[in-house]
Amino acid sequence: MPLKIATWNVNSVRQRLDHLARFCARYEPDVLCLQEIKVPSDDFPVAAVEAMGYPHVLVHGQKGYNGVAILSRRRLTEPQKQIWCERDDCRHVAAQVGGVEVHNFYVPAGGDVPDPEQNQKFAHKLQFLSEMAAWATTDKLATRKAIVVGDLNVAPLEHDVWNHKRLQRSVGHTPVEAAHMARLWAAGELIDVPRHFVPEPEELYTWWGYRFPQSFAKNYGWRLDHVLVTPPLRKRLKSLEIVRETRTWERPSDHVPVVLHLK
DNA sequence: ATGGTGGATACTCCA
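Chemist: Account for the overall build of chain A, naming residues and giving values.
Modeler: A tally of regular secondary structure across chain A gives six helices and 14 strands. Against the compact-globule benchmark of 18 Å for 263 residues, chain A has a radius of gyration of 17 Å, which places it among compact chains. Taken over the C-alpha atoms alone, chain A extends approximately 45 × 45 × 35 Å along its principal axes. For chain A, buried positions account for 55% of its 263 residues. Working note: accessible area of chain A is about 11,800 Å², and carbon and sulfur atoms make up 49% of it.

Chemist: Outline the sheet that holds strand S8 (residues 146-151), supporting the account with residue identities and numerical values.
Modeler: One open sheet accounts for six strands, arranged S5-S6-S7-S8-S12-S9; its pairing is mixed. Edge positions in the sheet fall to strand S5 (77-80) and strand S9 (191-192), since each of these pairs with one other strand and no more. Examined bridge by bridge, S8 and strand S12 (residues 225-229) share five bridges and lie antiparallel to one another. Bridged to Ile-147 within S12 is Val-229.

Chemist: I'd like a description of the environment of Leu-204, backed by residues and values.
Modeler: Looking at where Leu-204 falls in the secondary structure, it is placed in the loop between helix H6 (193-197) and strand S10 (207-208). Residues Leu-204 and Trp-162 lie 42 residues apart in sequence; the distance between their C-alpha atoms is 9.1 Å. Ignoring any residue separated from it by four or fewer positions in sequence, one finds Leu-204 in contact with His-159, Asp-160, Pro-194, Arg-195, Val-198, Arg-223 and Ile-242.

Chemist: Outline the sheet that holds strand S4 (residues 68-72), listing residues and values.
Modeler: Spatially, S3-S4-S2-S1-S14-S13 is the arrangement adopted by the six strands of the open sheet, whose pairing is mixed. With partners counted over all chains shown, the strands left at the sheet margins are strand S3 (56-60) and strand S13 (237-242), one partner each. Taken over all neighbouring pairs, the strand axes of this sheet differ in orientation by 10° on average, direction set aside. Two strands pair when backbone bridges link them, and S3 and S4 are joined in this way by five bridges, in the antiparallel orientation. Bridge pairing in S4 places Leu-58 opposite Ile-70. The strands touched by helix H1 (residues 17-27) are strand S1 (3-9), strand S2 (31-35), S13 and strand S14 (258-262); relative to S1, the strand with the most contacts, the crossing angle is about 155°.

Chemist: Requested: an account of the packing of aromatic side chains, with residues and values cited.
Modeler: Scanning the entire structure with this criterion turns up 11 aromatic pairs. Between Phe-105 and Phe-128, the ring centres sit 6.4 Å apart and the planes meet at 90°, which makes this aromatic pair edge-to-face. Linking Phe-105 in strand S7 (residues 100-106) with Phe-128 in helix H3 (residues 120-138), this pair joins segments that are 23 residues apart in sequence. Per residue, the accessibility class of Phe-105 equals that of Phe-128, and both read buried. Ring centres of Trp-208 and Phe-216 lie 4.9 Å apart, and the angle between their planes is 85°; on these two criteria the pair is classed as edge-to-face. Of the residues examined, Trp-208 reaches a relative accessible area of 0% and is grouped as buried. With relative accessibility at 21%, the residue Phe-216 sits in the partly exposed group. Ring-pair connections join several aromatic residues into one group, and the members of that group are Trp-84, Phe-105, Phe-128 and Trp-135. One Lys or Arg, Arg-22, reaches over the ring of Trp-249 and ends 3.9 Å from the middle of that ring.

Chemist: Any chance you could break down the state of the cysteines for me, citing the residues and the numbers?
Modeler: One covalent bond between the sulfur atoms of two cysteine residues makes up a disulfide. Under the definition given, this model contains zero disulfides. Free of any disulfide, Cys-33 has its nearest cysteine sulfur in Cys-24, 12 Å distant. Residue class for Cys-33 comes out buried when judged on its relative accessible area of 0%. Lacking any disulfide linkage, Cys-85 is separated from the closest cysteine sulfur, that of Cys-90, by 14 Å. What makes Cys-85 buried here is its relative accessible area of 10%.

Reading the values: rules and limits
- Residues numbered from 1 in each chain as written.
- Chains lettered and ligands numbered in written order.
- Predicted model: local features only at pLDDT ≥ 70, side-chain atom pairs only at ≥ 80, totals over all residues.
- Heavy atoms only, no water.
- Helix = DSSP H or I, 4+ residues; strand = E, 2+ residues; numbered from the N terminus.
- Rg over C-alpha atoms; globule rule 2.2 N^0.38 Å.
- Buried < 20%, exposed > 50% of the residue type's maximum accessible area, 1.4 Å probe, protein only.
- Areas by Shrake-Rupley, 256 points an atom, 1.4 Å probe, with all protein chains shown as cover.
- Pairing = 2+ DSSP bridges.
- Contact = heavy atoms within 4.5 Å.
- Axes fitted to C-alpha atoms, helices over the stretch in contact; angles between N-to-C directions.
- Phe/Tyr/Trp six-rings, centres within 6.5 Å; stacked < 30°, edge-to-face > 60°.
- Lys NZ or Arg CZ within 6 Å of the ring centre and 35° of its normal.
- Disulfide = S-S within 2.5 Å.

Below is the structure:
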């Protein structure tokens, strides 16, 4: 059965309901994984997303920060809300849908200083990525039909950022973060789907920051949002699209959706 | 060397 699955860091689901409706009407994903919903689970706008065609909703949210959700047209089973780094800050939710295991992550951004000794946030990010790799190994992720999506807050490859040389010392593109990402890929034998379709050196970005007002116009982008699949799904890969147009809409999220189409 | 903007919150944190 075909399956269209999208991931999108919406930067507050309540601020982005109009964009969600527009995106869903245009791209019609069967499953939509959201990050940074910034709302407690009980206050999630379930009626609004049901009206968009998503009656199955799994939310792991809290007040103010972080938070993830899976919206689906099909029934979601075996819900999971794992805790990482011994703190429940709503960064992971997972479920089975259409015979596939979908894991939705929001990895810590890591603060500004790329040194785990000086910066606890960076240490937390590295530990989170290490735990993901350990989980992929011990749970034998590679043997299952699994999809890992979300805002992993790492642009691992040279052409995943607009200026590799300049940004190597910036959090999100340091060699140590790229090495952690490579260990996760190896641990789950994960296929980096966007790069499967569009290899380096072509640029691929999913995020353009707010702090430089011209970042999108100048294409100062980073590829922070990821779609990874295990080997049993390789033959079902049909297409992948990074939906840049949402970044041109009024009051956009700083991240754009990524849509995977499985045969 | 530094600041820029956006969202949630409540006199500030996080990205």
